[in-house]
Amino acid sequence: MASQQADRGRVSGLRRAVDGSAAEWFGLAVRLGLALVWGWAGLAKVADPAEAAQAVRAYEILPESLVKPVGWGLPFLELALALLLLLGLGTRIVAIVSGVLLLVFIAGISSAWARGISIDCGCFGGGGTVDESQTKYLQEILRDSGFLLLAAWLVYRPRTKLSLDAWLAA
Amino acid sequence: MSEKNREGKRNARDKMKEARAAEEAKARRNRKLAVGGVVAVVIAAAVVVGVVVQNQRSKPETPTAAPAGTIGDKNLVIPVGAANAPSTLTVYEDPRCPACGSFERTFSPTVDQLEDAGKVYVNYHIVSFIDRSLGGSGSKYGANALGCAQDAGHFRDYHDVLYRNQPEETEDSFGTKQTLIDLAKQVPGLDTPEFQSCVNSNKFGGWVSAVQQDFDKSSYKSTPTVLLNGEAIYPKKGDEQISPENLVKWVDAANQGKQLGTPGSNGQSPAPSSTAAESNTPPSP
């Protein structure tokens, strides 16, 4: 009995740390951070549709018929995620979508790396074939993994301060 | 009896609590569904609108303005030399690419001589993808300026001048239009108000982007890509390393027994540029 209570005490201490108001402020920072990432990534790719399409084409994964729709639609998907994260609406779903998208990106970069083709990931604009000495696959993967951690946290604890979710639940 | 009564009361209270909990859970579920629906709609709408908008924006893949004298499908290629020369040399170059600079510094006198002798018809694809990885606009503005020079009939000389004054790859001096105009002063007759306004207004910007898109869709990944009658010869043709001597040798071998072309037949730049050569002139101040 006593030990059980101690356990519960420890658990609730942990709970407080992950569920408490401090955690919700932390969640807000994570949410806005991820919103910034998506917003930046999306805006950088919106200006030049041909370049965005080429960034996709350079991966040599998708057939030509899908290259343009993906190159054109992806920046807007990223902007939509940014907007939803900024508002804090459907945080968990948006975080799941973000995570899946990041996994797809990491898979794409890894595949390019493994096949020995030399491209810029085009993550934040640009993209396309680059000189072999200019590939930055490891950095790109590590960076996306960092973003993936942000998304993972929001899947785990989607409740954040100053969010539409919280406002709707109240 | 009293036992039963108490139990009954508790049951009723429990039931009410359960019902309320169930109702709350249902409301929560509905709210979640609604939020999920809104999220899905926002994402789908953004993507659909995005694809439509970008499709609209990139509609004219055929450039509205191409430099005079350009050839090929959509006029993306700048030709130099005799159109009826027996061999064709196809060159893909980016104004900012250092390997193109070193290729040009070594080979431009030889290529110019081969053109003037009616031995090769050179087809230039001026691509502009270095800006993507390094940022800046030197590739695009440089390519546009080359288009302007072609329009004015001075492509070959300006092309040679540009590569001899190429900055470091990471240094984007071609991104400054004035630099491109200043370099035109080295080509007699090129530095006109028309040329300046062509450079300053980025007149052939759409054409430059179409040339790049064409390169993007090709199987070539790097610059310079140099093809002699369709066969890659840079940096090697088969096992043989390219050199000015080998280039001449290869061209002569390909031309064996064929009628040479009539140079100048396609209205290329008037200045004889066997002089526009090797000297590694330092960039003008």
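You'll find chain B entered in an unreviewed UniProt entry as Protein-disulfide isomerase, with Kitasatospora cineracea given as the organism. Chain B has a UniProt comment under Sequence similarities (unreviewed entry) that states "Belongs to the thioredoxin family. DsbA subfamily."

An unreviewed UniProt entry annotates chain A as Methylamine utilization protein MauE originating from Kitasatospora cineracea. The annotation that UniProt attaches to chain A under Subcellular location (unreviewed entry) is "Membrane".

For the environment of Asp 157 of chain B, give the residues involved together with the corresponding values.
By the element assignment, Asp 157 of chain B lies in helix H5 (residues 155-164). Put simply, Asp 157 of chain B and Leu 146 of chain B are 11 residues apart on the chain and 9.9 Å apart in space, counted from C-alpha to C-alpha.

Which residues make up the packing of aromatic side chains, and what are the values?
The full count for this structure, using the stated rule, is 14 aromatic pairs over all chains. Here Phe 26 of chain A and Trp 153 of chain A contribute two aromatic rings whose centre-to-centre distance is 5.1 Å and whose plane-to-plane angle is 80 degrees, an arrangement assigned as edge-to-face. Of this pair, Phe 26 of chain A sits in helix H2 (residues 21-46) while Trp 153 of chain A is found in helix H6 (residues 137-156), placing the two residues 127 residues apart along the sequence. A residue is classified by how much of its surface remains accessible, and Phe 26 of chain A, at 46% relative accessible area, is partly exposed. Judged by its relative accessible area of 21%, Trp 153 of chain A is partly exposed. One aromatic cluster in this structure is built from Tyr 92, Phe 129, Phe 215 and Tyr 220 of chain B. A cation over a ring is seen here: Arg 157 of chain A above Tyr 156 of chain A, with NZ or CZ 4.6 Å from the ring centre. In this structure, Lys 177 of chain B packs its charged tip against the face of Tyr 141 of chain B, placed 4.6 Å from the ring centre.

Tell me about the packing of helix H4 (residues 138-151) of chain B against helix H8 (residues 205-217) of chain B, and name the residues and values.
Residue and element names in this part refer to chain B. Relative orientation of the contacting elements H4 and H8 amounts to 110 degrees, with a least axis distance of 9 Å. Of the possible angle classes, the one that applies to H4 and H8 is roughly perpendicular. Classified by chirality, the crossing of H8 by H4 is right-handed. On the side of H4, the interface is formed by Lys 140, Ala 143, Asn 144 and Gly 147, while H8 contributes Gly 205, Trp 207 and Val 208. The residue makeup of the contact of H4 with H8, split by class, is three nonpolar, three polar and one charged.

Provide a residue-level description of the nonpolar core, including the pertinent values.
In terms of nonpolar packing, the biggest core is built from 49 residues, with Leu 89, Val 122, Tyr 124, Tyr 158, Phe 195, Ile 233 and Leu 247 of chain B touching the most fellow members. Discounting residues that sit within four places of it in the chain, Leu 247 of chain B has contacts with Leu 89, Phe 107, Thr 110, Val 111, Leu 114 and Ile 233 of chain B. Ranked by size, the runner-up nonpolar core spans 27 residues in total, among them Val 46 and Leu 84 of chain A together with Val 35 and Ala 46 of chain B.

Account for the UniProt feature "transmembrane region" (unreviewed entry) in chain B, naming residues and giving values.
Under the feature "transmembrane region" (unreviewed entry), the UniProt entry names residues 33-53 of chain B. Note that residues 33-53 of chain B is 100% helix and 0% strand, and that its end C-alpha atoms are spaced 30 Å apart.

Lay out the pairing of strand S3 (residues 120-126) of chain B in plain terms, naming residues and giving numbers.
Residue and element names in this part refer to chain B. Burial within S3 is extensive, with seven of its seven residues counted as buried. Residues of S3 alternate between two faces, with Val 120, Val 122, Tyr 124 and Ile 126 on one and Tyr 121, Asn 123 and His 125 on the opposite face, all of them buried. Pairing analysis gives four bridges linking strand S1 (residues 78-81) to S3, with the strands arranged antiparallel. In the strand pairing of S3, Gly 81 is matched with Tyr 121. In this structure, strand S2 (residues 87-93) lies alongside S3, joined through seven bridges in parallel fashion.

What counts, and at which threshold
Residues numbered from 1 in each chain as written. Chains lettered and ligands numbered in written order. Predicted model: local features only at pLDDT ≥ 70, side-chain atom pairs only at ≥ 80, totals over all residues. Heavy atoms only, no water. UniProt positions renumbered as here; feature names shortened; annotations may be inferred. Helix = DSSP H or I, 4+ residues; strand = E, 2+ residues; numbered from the N terminus. Phe/Tyr/Trp six-rings, centres within 6.5 Å; stacked < 30°, edge-to-face > 60°. Buried < 20%, exposed > 50% of the residue type's maximum accessible area, 1.4 Å probe, protein only. Lys NZ or Arg CZ within 6 Å of the ring centre and 35° of its normal. Axes fitted to C-alpha atoms, helices over the stretch in contact; angles between N-to-C directions. Parallel < 35°, antiparallel > 145°, perpendicular 65-115°, else oblique. Left-handed = near helix turned anticlockwise from the far one by under 90°. Contact = heavy atoms within 4.5 Å. Nonpolar A, V, L, I, M, F, W, Y, C, P; charged D, E, K, R; others polar. Core = buried A, V, L, I, M, F, W, Y, C linked by side-chain atoms within 4.5 Å. Pairing = 2+ DSSP bridges.

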